[in-house]
Amino acid sequence: MDYKKTYFVKITEKEINKVSVPDRAAEFEIRATHDEVEELEELFQKENKDAKNSIEYLSKPFDEWGADDERNSYDDHLIKVYRTVYHLGTKETKEKINQLGILT
C-alpha cells in the first residue's frame, strides 16, 4: 500500500522536497503518495515544455501567430499545477492558494 507522506512544493522552482527549505520562494506543504508526487513531477516537466514554447513566441515580437495559444496553454497548465497542489495540500496550503486568487 502506498502511504501519503509530507512533501514541500515550490511551484516557481518546480521543486518537490521531503523537508522544508525556507527561502524567498513560496512553499506549499502537501500530503501525497509516491504516485501523486510522480504525477506532479510530470506536470512540472510539461510546464517546462509549455514555458519554452511561450518564450519562443515572445522572442519574435512581430510574429504573433500562435503566441496567444501558447501563452494560454502555459497559463492553463500552471492552473492545473496549482489545482493539484491545492488538492493534495494541507489546510494552510489551501488557505495560501485561496489568498492568491488563482483558482477562483
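Structure first, text after, so check above.
Overview of the structure. Remember, it's a predicted structure, so these values are computed and weren't measured experimentally.

So, the pattern of salt bridges
Should the charged atoms of two oppositely charged side chains come close, the side chains can pair. Taken as a whole, this structure holds 2 salt bridges when the rule is applied. The residue Lys4 makes a salt bridge to Glu36 at a minimum N-O spacing of 3.0 Å. Remark: Glu36 occurs in helix H1 (residues 34-58) and Lys4 occurs in the segment before strand S1 (5-10); sequence separation between them is 32 residues. By relative accessible area, which is 19% here, Glu36 ends up buried. The closest approach of N and O atoms between Asp23 and Lys10, which form a salt bridge, is 3.0 Å. With Asp23 in the loop between strand S2 (15-17) and strand S3 (28-32) and Lys10 in strand S1, this residue pair connects regions lying 13 residues apart in the sequence.

Quick look at the pairing of S1
In this sheet, S3 lies alongside S1 in antiparallel orientation, the contact comprising 5 bridges. Across the sheet, the residue bridging to Tyr7 is Ile30, located in S3. For S1 and S2, the ladder comprises 3 bridges, and the chain directions are antiparallel. Each residue of the ladder has a partner; that of Lys10, found in S2, is Glu15. Turn length for the S1-S2 hairpin, with the two strands adjacent in sequence and antiparallel, is 4 residues, and the turn residue Lys14 shows positive phi of about 55 degrees.

Some remarks on a negative patch on the surface
A cluster of acidic residues, Asp2, Asp35, Glu38, Glu39, Glu41 and Glu42, forms a negative patch at the surface. Inspection of the secondary structure puts Asp2 in the segment before S1.

Observations regarding the sheet that holds S1
Pairing is antiparallel in the open sheet, where 3 strands are placed in the order S2-S1-S3. Because the sheet does not close on itself, it has two edges, and the strands there are S2 and S3. Within the sheet, the average angular offset between the axes of one strand and its neighbour, ignoring direction, is 35 degrees.

A few points about the environment of Lys96
Checked against the element boundaries, Lys96 lands in helix H3 (residues 91-100). In this structure Lys96 comes out as partly exposed when scored by relative accessible area, which is 40%. In the structure, Lys96 is positioned 10 residues away from Tyr86 in sequence and 9.2 Å away in space, judged by C-alpha atoms. Polar contacts involving the side chain of Lys96 include one to the main-chain carbonyl oxygen of Glu27, which spans 2.6 Å.

Some remarks on the packing of aromatic side chains
Applying the stated criterion to the full structure yields 1 aromatic pair. A ring pair is formed by Phe28 and Tyr82, whose centres lie 6.1 Å apart and whose planes are at 85 degrees; its orientation type is edge-to-face. Of this pair, Phe28 sits in strand S3 while Tyr82 sits in helix H2 (residues 67-88), placing them 54 residues apart in sequence. For Phe28, a relative accessible area of 2% translates into the label buried. In this structure Tyr82 comes out as buried when scored by relative accessible area, which is 10%. The ring of Tyr86 carries the charged tip of Lys94 above its face, separated from the ring centre by 5.6 Å.

Thresholds applied
- Residues numbered from 1 in each chain as written.
- Predicted model: local features only at pLDDT ≥ 70, side-chain atom pairs only at ≥ 80, totals over all residues.
- Heavy atoms only, no water.
- Salt bridge = Lys/Arg side-chain N within 4 Å of Asp/Glu carboxyl O.
- Helix = DSSP H or I, 4+ residues; strand = E, 2+ residues; numbered from the N terminus.
- Buried < 20%, exposed > 50% of the residue type's maximum accessible area, 1.4 Å probe, protein only.
- Pairing = 2+ DSSP bridges.
- Patch = residues over 30% accessible without salt bridge, like charges linked within 9 Å, V, L, I, M, F, W, Y side chains within 5 Å.
- Areas by Shrake-Rupley, 256 points an atom, 1.4 Å probe, with all protein chains shown as cover.
- Lys, Arg positive; Asp, Glu negative; His and termini not counted.
- Charge placed at Lys NZ, Arg CZ, Asp CG, Glu CD.
- Axes fitted to C-alpha atoms, helices over the stretch in contact; angles between N-to-C directions.
- Polar contact = N/O pair within 3.5 Å; in protein donor to acceptor, adjacent residues only side chain to side chain.
- Phe/Tyr/Trp six-rings, centres within 6.5 Å; stacked < 30°, edge-to-face > 60°.
- Lys NZ or Arg CZ within 6 Å of the ring centre and 35° of its normal.

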